Structures are given as structure tokens and as C-alpha cells.
Amino acid sequence: MSDGLVKQARARLAPVVDRARDALTRIIRVSWAVVSAWVAPARAGLRTSGRLRPWFAALRASVPALALASTAAHADTLHRFALIAGNDTGGADTRPLSYARDDARKMHDLLTRLGGVAPADAKLLLDDDAKDFLVALSDLEQRARAAQARGERTALFVYYSGHAKDGALRLGASRLAFDALKRRLADAPVDIRIAILDSCRSGALTRTKGARRAPAFDVESGAARDARGVVILTSSAADEDSQESDALGGSYFSHHLASGLLGDADRSGDGRVTLFEAYSHAYARTVADTADSSAGPQHPTFSYDLAGNGDLVLTDLRASAEGLVVPGNAPAGAYYFVDPGGSVVAELDKAADTERRVALAPGTYRVKRRLSDRLRIGEVEVARGRTTILQEPRFKDAPFSDDPVKGALLDKGAWWTFGLTGGFQSFFDAPTRESLFLSVPLFGAEAELHDYFRRDWVWGFDAAVGGTNGVLALPTLEGPAYRYSVVNVGTSLTAEWPVGRFSPFVGVRVAYLVMGRKFDDGAFPDQRFAMVSPGLATGARLQLTRRLNLTARSRLQYLQYTVDAQRSLGFWELAALLTYEP
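Not measured: the values here are computed from a predicted model. (Residues numbered from 1 in each chain as written. Predicted model: local features only at pLDDT ≥ 70, side-chain atom pairs only at ≥ 80, totals over all residues. Heavy atoms only, no water.)

Draft legend 1. Spatial organisation of the overall build of the protein. Within the protein one finds nine helices and 30 strands. Buried residues in the protein amount to 49% of all 582 residues. A fraction of 66% describes how many contacts in the protein between residues 6 or more apart in sequence connect residues 24 or more apart. With an accessible surface of roughly 27300 Å², the protein has 58% of that area assigned to carbon and sulfur atoms. (Helix = DSSP H or I, 4+ residues; strand = E, 2+ residues; numbered from the N terminus. Buried < 20%, exposed > 50% of the residue type's maximum accessible area, 1.4 Å probe, protein only. Contact = heavy atoms within 4.5 Å. Areas by Shrake-Rupley, 256 points an atom, 1.4 Å probe, with all protein chains shown as cover.)

Shown next as C-alpha cells:
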């Protein structure tokens, strides 16, 4: 049959399919209401009946999925609130983390962009303590009460990534006990409460979370009877450690949960990711990815009590016009989407002849499809405000050594960048910069060693030269002309705080300066002054492409002049740096 006949047949069948789907939706709604009426009074008995428990578990797992069509529209009427916390510190007996705040930022972006949470109803806490956490929770509870007073149904999302130890969340030097948090969630004045807890981590490429092995999130298999409408997802079972990967730039659990919410968990293909779909996806992928790790497989846990609510839609992939569509005619397989920083932001397991959508934020991504003997690698630009179609035929074959996910990225370790710089140097003291050390432009080269001492620390080596013409000021007559020159060599150590492509930094620097005068008139001897100069450096780096970075930087330096008097001088430098990563 030709393509034209197929399209005509589809067009004629579309109204019939729509009417059938509407009828099926009405049937499911009625069926779900009947089943809910039967399940609710029997649930207490089922919790204690060993013979009936497996039947009820199967029913509870399957019925919400069948009821998705009837509950999706109802779930969208919820007024949603979210508290997202990421904490890289857990007290004196824990190691600083690298990814907890990044995980929190990703979840905040997901919930506000796709999860139906208005930015004003979302609170993002980064490295705050337990008191700040509870204050933010109280503020959201007050907003929820006001919404309920207006007759609105409400939902509260609580996400935490950070240290967890000895039965408590460790937010800096403060603690928040698991039991206290669960009681607070149970008493929250909202209809549905969802807590997602990802405990802390330490180590190298794949590491266990927490300073030592200790009970994780001890969540009972069935929620208490008075806590209806409470769901708790955790990254691991009560007797397991949680793990993370440097290649993913975060924990396995949070990565796969976020990737699922972006579209990989949308197995029904309706453009919405439900709570059950998201958890099932995160569970399966987390167990698979940690099965061969030194800590052993990690099993996320799920405490569920949403009686009468059915399943809940967490993200709507159609909420934003922008995103990426992998068309049905694209080859089947696993697709990986890598941001300019080298982190895998989303994955997609595509079946043959099935269209899939990934709700990526606007930006440039490297896309990889892994075959048995080679890679298929391409690049895609997700434009703001419109849907982008992935063009897989434009991908290029590449060896495994070019793998942006499984190859060099995993073993990257310390890495170098090299660049050219242009800037300006000037002393603060006016008489000094007018007659002694003139203001000059500087041009030079730099090399930077990243992640050598620890992640996001940069050890830099720089050299620059500059010069200008001047005239020596004499009391009684016009002085001789001379050429003023500067040689500036230094080393610095800075710490970066990456936020997407933007990485602000601050650090210290030690320089060795050689400044000289060379007179045009040979009767005057050349002069030279050299001194070690300590200082501070700050600025920000912007990643232009996968290998090119543009840096804006300022420095404050101190210099002691000891020729004809003891003088303490200060000078500043402004520079722009273009670097390349081989």
C-alpha cells in the first residue's frame, strides 16, 4: 500500500479511534470508582492477611495504571507546591559532596518547567540547614491552607539530595530525623504529599553515599492508616548504600528519575509521566546500573498510600512547546543526550516504529546511539519555543573511543585547557601609575589543570607581557622618552561552582613581576624592578562549545616597592581568556 493510501486510511479512522478512546475512558472511570469503593474498606484486613496480600499488591500495582486516562485530567487540577533541597555538607564527620546541589537544581527545573509547579510555589534550598528547611516547609504549608480555603485540591512535593546518616538527614551541622520528617509530611495540610529522598555520597567514580555504612531511609512497606495521601520514594533500601556516577554528574537514582520524568518513563506514549511510571523506571535502571558496582545492587524503595486518588501525573511533556521528538522511523535503541558540560542529562530507550518525546530544555546536546561495534553520534539544537525533530540519518559513525558517555568521560580524571588572554593592568595610586609603573595592556597564554586536587578546583599557570611608551618627568626640563615593559608570570588555585554552562570562580594567585624602563637616550641607564606579588582572583567561565570556553576575570594584587622608600602598592588586572580543551 502506498504512503498516500495509508495517510488517507489513518485520517478516516482517526474520528473512530477518538470516539472509542472517549468511551473507554468513561468505562475506566466507572470501573475505578467501583474498585476503589471495594478496596478502601478491605485494605486494613489485607495488610494483615498473608494469603491475600499478594493479590492486593498486584491489584494496587495494576489498577492505577489502568485508571491513568481517568485521573490524568483530574490530577492536572491540583495546586502544586514543591520544596527542593540539596546540601553538599553533612557535618564534621562527613565529606563534602559534589552533586547534591546539582541534583536539586535539576529537580527544581523539572517541576517548574514540566511538573505543574509555579515558580512562586517552589522553594529551592542549597546548603541550607534543618531550620531553614522547616521554615520553608511551613511557608508552603501556609500557602496550601490558603489554596484549600479557596476550594482547591493541593499537592506537596519534597525532594532532598544530600547526606543521610544515623536515622536523620544531615543538612550541614544540623539534623532532621526521618521520623520527624514523616510525621511532618503526614500532618501537612495538603491532599497529596510526595517525598523523594536521595541520601548523601562520598568516594571516587562510583561511590557509596555517606561517611560510613549506616541505615538509610527506613520506610515501612505500608503507610500508616492516618497518613492517607502520602508517598515516599527513596534511593535505596534501609540496609543499602546509595551510589552515584561521575559520568552522570549525580546519583544513579536521581539521574534515572529525572531522565524518566523528561520522557524516558512515558511507556504509555500519552505525553505524561505518572508517579508509578517514574518510580518503576528509576527502580529498574538504578538496579541495573549498580548491579556490577563494588557496593552491590541498589534497590530504591516505594511507600505508597494514595487511596481514592489513583495514579498521579508528575510531569506533562506537552506543558512546554520546546523539546525533542525522536520520530518513529528513527532506529530503535538507547539514545543518550549529553550537555556541553559532558553530563548525561537524559536517556531514551526507543522501540521500533514508535515516536518518543524528550522534554529537553533549550540548548545544544550531543546525542549518541550505541551499536554493537561502533557509535552513532550527532548534535542537536533544541530551540526555544518550538519542537525539534531528531535527524538520526545525519549522525556519523564513530569508534568507541569517542563515546561521550561510556568512553573517555568515565576515565577523564584531571584535564587540561590551554588558552590566550588579553587584558589590562593598572595601579591604584595615581602618582605611581603616572610616573613609576604605567598602566599597560597585557597579552599572554595560560594553561589550566582541572580536577587535579579535587573536583571543580583549577590549578592555573599564566604568563603575560605588556608595554607602553612614557616620558620621564624631571623638575626643570622635559625628561627623556623611554619604553616601559612588564613581564607577569604566575600560578593560581581557584574553585568553580558550575551552574549549567556558567561557572563562577574565586581563588588565590602568586605572581612574579619584572618591570623595566629602556630609555631612548643611551646616556640614561636602563632600569629594572622585580618582585613577588600575592593576590586574589575572581571571575566566571562560560562554555561556548564542548571544547571552547570564554572566561572573564579580575585580579587584585599586592606589591611592596623597596627602592627609594618602603611603599605598599596595589594594582588590578582585568582580562578575557579564550581556552581550548584538547
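Draft legend 2. Structural context of the pairing of strand β19 (residues 363-370). Most of β19 sits out of view: seven of its eight residues are buried. Where strand β16 (residues 333-338) meets β19, four bridges bridge the pair, whose relative direction is antiparallel. When the bridges of β19 are listed, V338 appears paired with R366. Hairpin connection between β19 and strand β20 (residues 375-382): a loop of four residues separates the two successive antiparallel strands. (Pairing = 2+ DSSP bridges.)

Draft legend 3. A look at helix α8 (residues 275-290). Taking 1.5 Å per residue, 16 residues should reach 22 Å; α8 reaches 22 Å between its end C-alpha atoms and fits that length. Regarding α8, the residues found buried are L275, E277, A278, Y279, H281, A282, T286, V287 and T290. (Expected span 1.5 Å × (residues − 1).)

Draft legend 4. The sheet that holds strand β21 (residues 387-389), seen in detail. Taking strand neighbours across the sheet as the criterion, the three strands line up as β18-β15-β21 in an open arrangement whose pairing is mixed. Looking at the sheet topology across the chains shown, the edges are occupied by β18 (356-358) and β21. Here the strands of the sheet are splayed against their neighbours by 30° on average, with no regard to which way each runs. (Axes fitted to C-alpha atoms, helices over the stretch in contact; angles between N-to-C directions.)

Draft legend 5. Inspection of the side chain of E573 at higher detail. Following the sequence through the fold, E573 ends up in strand β30 (residues 567-580). Side chain to side chain, E573 and N488 meet in a polar contact 2.6 Å long. (Polar contact = N/O pair within 3.5 Å; in protein donor to acceptor, adjacent residues only side chain to side chain.)

Draft legend 6. Just the packing of helix α4 (residues 100-113) against helix α7 (residues 252-264), in detail. Relative to each other, α4 and α7 sit at 20°, their axes nearing to 11 Å. Regarding the angle of α4 to α7, the classification is roughly parallel. Like other packed secondary-structure pairs, α4 and α7 cross with a definite hand, here left-handed. Here α4 contributes D103, M107, L110 and R113 to the contact with α7, which in turn contributes S254, L257, A258, L261 and L262. Within the contact of α4 with α7, the residues separate by chemical class into six nonpolar, one polar and two charged. (Parallel < 35°, antiparallel > 145°, perpendicular 65-115°, else oblique. Left-handed = near helix turned anticlockwise from the far one by under 90°. Nonpolar A, V, L, I, M, F, W, Y, C, P; charged D, E, K, R; others polar.)

Draft legend 7. Up close: the packing of aromatic side chains. A complete count under the given rule lists 15 aromatic pairs for this structure. The interplanar angle of 50° and the centroid separation of 5.4 Å between the aromatic rings of F453 and W459 together place this pair among those described as tilted. On the accessibility criterion, F453 (47% relative accessible area) is partly exposed. Accessibility expressed as a relative area gives 29% for W459, which makes it partly exposed. Within the aromatic cluster, the residues linked to one another by ring pairs are W416, F418, Y452, F453, W459 and F461. Above the ring of Y482, the side-chain terminus of R517 is found at 5.1 Å from the ring centroid. (Phe/Tyr/Trp six-rings, centres within 6.5 Å; stacked < 30°, edge-to-face > 60°. Lys NZ or Arg CZ within 6 Å of the ring centre and 35° of its normal.)

Draft legend 8. Spatial organisation of unusual backbone geometry. With phi around 60°, D127 is a residue other than glycine that occupies positive phi space. Mapping D127 onto the fold places it in the loop between β2 (122-126) and α5 (130-149). On the accessibility criterion, D127 (32% relative accessible area) is partly exposed. For D451, which is not glycine, the phi dihedral falls at a positive 60°.

Draft legend 9. A look at the pattern of salt bridges. One pass over the full model with this rule turns up 27 salt bridges. For E446, the salt bridge is made with R553, and the minimal N-O distance between the two is 2.7 Å. With E446 in strand β24 (residues 440-450) and R553 in strand β29 (residues 548-561), the pair connects residues that are 107 residues apart, well separated along the chain. Overall, E446 belongs to the buried group, its relative accessible area being 10%. Here the residues in one salt-bridge network are R369, D373, R374, R376, E392 and D397, joined through shared partners. (Salt bridge = Lys/Arg side-chain N within 4 Å of Asp/Glu carboxyl O.)

Draft legend 10. Looking closely at the side chain of R541. Topologically, R541 is positioned in strand β28 (residues 527-543). A polar contact of 2.8 Å, which involves the side chain of R541, links it to the side chain of E496. Separated by 2.8 Å, the side chains of R541 and N549 make a polar contact. Not counting chain neighbours up to four residues away, the residues in contact with R541 comprise E496, R501, F502, S503, F505, N549, L550 and T551.

Draft legend 11. The arrangement of the nonpolar core in detail. If you look at the biggest cluster of nonpolar residues, it comprises 48 residues, and the most contacted ones within it are F157, I194 and F337. Broken down by element, the residue count for this core peaks at five residues, all from α7. (Core = buried A, V, L, I, M, F, W, Y, C linked by side-chain atoms within 4.5 Å.)

The values reported here are purely geometric and, on their own, carry no functional implication.
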